[in-house]
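One letter stands for each residue in the lines below.
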Amino acid sequence: MEAYQSQMQLLTELESGRYYDIIFMDIKMPVMNGLEVLKRIREMNSDSLFIIISSYHQYAVVGYELDVFRYLVKGDLEAGFDHCMDAPQMVQALQSFPV
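1. Observations concerning the packing of aromatic side chains
Throughout the structure, instances matching the rule amount to 2 aromatic pairs. Ring centres of Tyr 4 and Tyr 20 lie 6.2 Å apart, and the angle between their planes is 80°; on these two criteria the pair is classed as edge-to-face. You can see Tyr 4 sitting in the segment before helix H1 (7-15) and its partner Tyr 20 sitting in the loop between H1 and strand S1 (22-25), a full 16 residues away along the chain. On the numbers, 6.0 Å between centres and 65° between planes, the contact of Tyr 56 with Tyr 59 is edge-to-face.

As structure tokens, then:
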């Protein structure tokens, strides 16, 4: 598990061959918003599961057009997160996570 302080740092890692099964992304970020970052990652042919966590409902449709696995709203994060973590795709991705 990694946390990045900037989206450019994440993109650099992915461009150098780093792979993540699951990527959590916010929409509102400096320099480039989360959807722009997602577009760039998708251009690299990434099959990672993307989970957007945002306060901005209006971007949900665009997120799903970019094949986002889940779009979680910060105001209702607990219920959405539980549902997300129980999904078969998430369970499969988490099984590859080293303990």
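2. Overview of the pattern of salt bridges
Pairing of side chains with opposite charge becomes possible as their charged atoms draw close. A full pass over the atoms with the stated rule returns 4 salt bridges. Arg 40 serves as the salt-bridge partner of Glu 15, at 3.5 Å between the closest nitrogen and oxygen. Here Glu 15, found in helix H1, pairs with Arg 40, found in helix H2 (residues 34-43); they are 25 residues apart in sequence, far enough to count as distant. Using a relative accessible area of 30% as the deciding quantity, one classes Arg 40 as partly exposed.

3. Overview of the environment of Gly 75
Of note, Gly 75 is situated in the loop between strand S3 (70-73) and helix H4 (77-85). Residue classification places Gly 75 among the exposed residues on the basis of a relative accessible area of 78%.

4. Observations regarding the environment of Tyr 64
On the secondary structure map, Tyr 64 appears in helix H3 (residues 60-65). What makes Tyr 64 partly exposed here is its relative accessible area of 42%.

5. Section: the pairing of strand S2 (residues 49-54)
The buried fraction of S2 amounts to 6 of the 6 residues, a majority that puts the element mostly inside the structure. The alternating pattern of S2 places Leu 49, Ile 51 and Ile 53 on one face and Phe 50, Ile 52 and Ser 54 on the opposite face, and all of these are buried. As judged from the 4 bridges shared by S1 and S2, these two strands associate in the parallel manner. Paired with Met 25 across the bridge in S2 is Ile 52.

6. Topic: the nonpolar core
The tendency in soluble globular proteins is for nonpolar side chains to be buried side by side. Counting 18 residues, the largest nonpolar core has Leu 10, Leu 14, Ile 23, Met 25, Val 37, Ile 41 and Ile 52 as its most contacted members. Counting residues per element, the ones that place at least two in this core are H1, S1, H2 and S2. Ranked by residue count, the leading element in this core is H2, at 4 residues. Formed by 6 residues, the second largest nonpolar core is a distinct cluster that contains Ile 22, Leu 49, Phe 69 and Leu 72.

7. Brief notes about the side chain of Ser 54
Here Ser 54 is to be found in strand S2. Polar contacts involving the side chain of Ser 54 include one to the main-chain amide nitrogen of Tyr 56, which spans 3.0 Å. Beyond its immediate sequence surroundings of up to four residues, Ser 54 is in contact with Asp 26, Ile 27, Tyr 71, Leu 72, Val 73 and Lys 74.

The rules behind the values
Per chain, residues are indexed from 1 in the order of the written sequence. This being a predicted model, a pLDDT of at least 70 is required before a residue's local features are given, and a value of 80 or more before pairs of side-chain atoms are given or counted; all residues contribute to the totals for chains, interfaces and linings. Derived side-chain values reflect all non-hydrogen atoms in the structure, with water molecules and hydrogen atoms excluded from consideration. Only Phe, Tyr and Trp rings are paired, with Trp represented by its six-membered ring, and only when their centres lie within 6.5 Å; those with planes under 30 degrees apart are stacked, over 60 edge-to-face, the remainder tilted. Comment: elements are numbered from the N terminus, with helices defined as DSSP H or I runs of at least four residues and strands as E runs of at least two. The working definition used for a salt bridge is a side-chain nitrogen of Lys or Arg within 4 Å of a carboxyl oxygen of Asp or Glu. Each residue is assigned to one of three classes by its accessible area relative to the maximum for its type, calculated with a 1.4 Å probe on protein chains only: buried under 20%, partly exposed between the two thresholds, exposed over 50%. The pairing criterion for strands is at least two bridges between them, as found by DSSP. For our purposes a nonpolar core is just a set of buried Ala, Val, Leu, Ile, Met, Phe, Trp, Tyr and Cys residues, chained together by side-chain atoms within 4.5 Å. For this analysis, a polar contact is any N or O atom pair within 3.5 Å, provided that within protein one partner can donate a hydrogen and the other can accept it, and provided that sequence-adjacent residues contribute only side-chain to side-chain pairs. We call two residues contacting when some pair of their heavy atoms lies within 4.5 Å.

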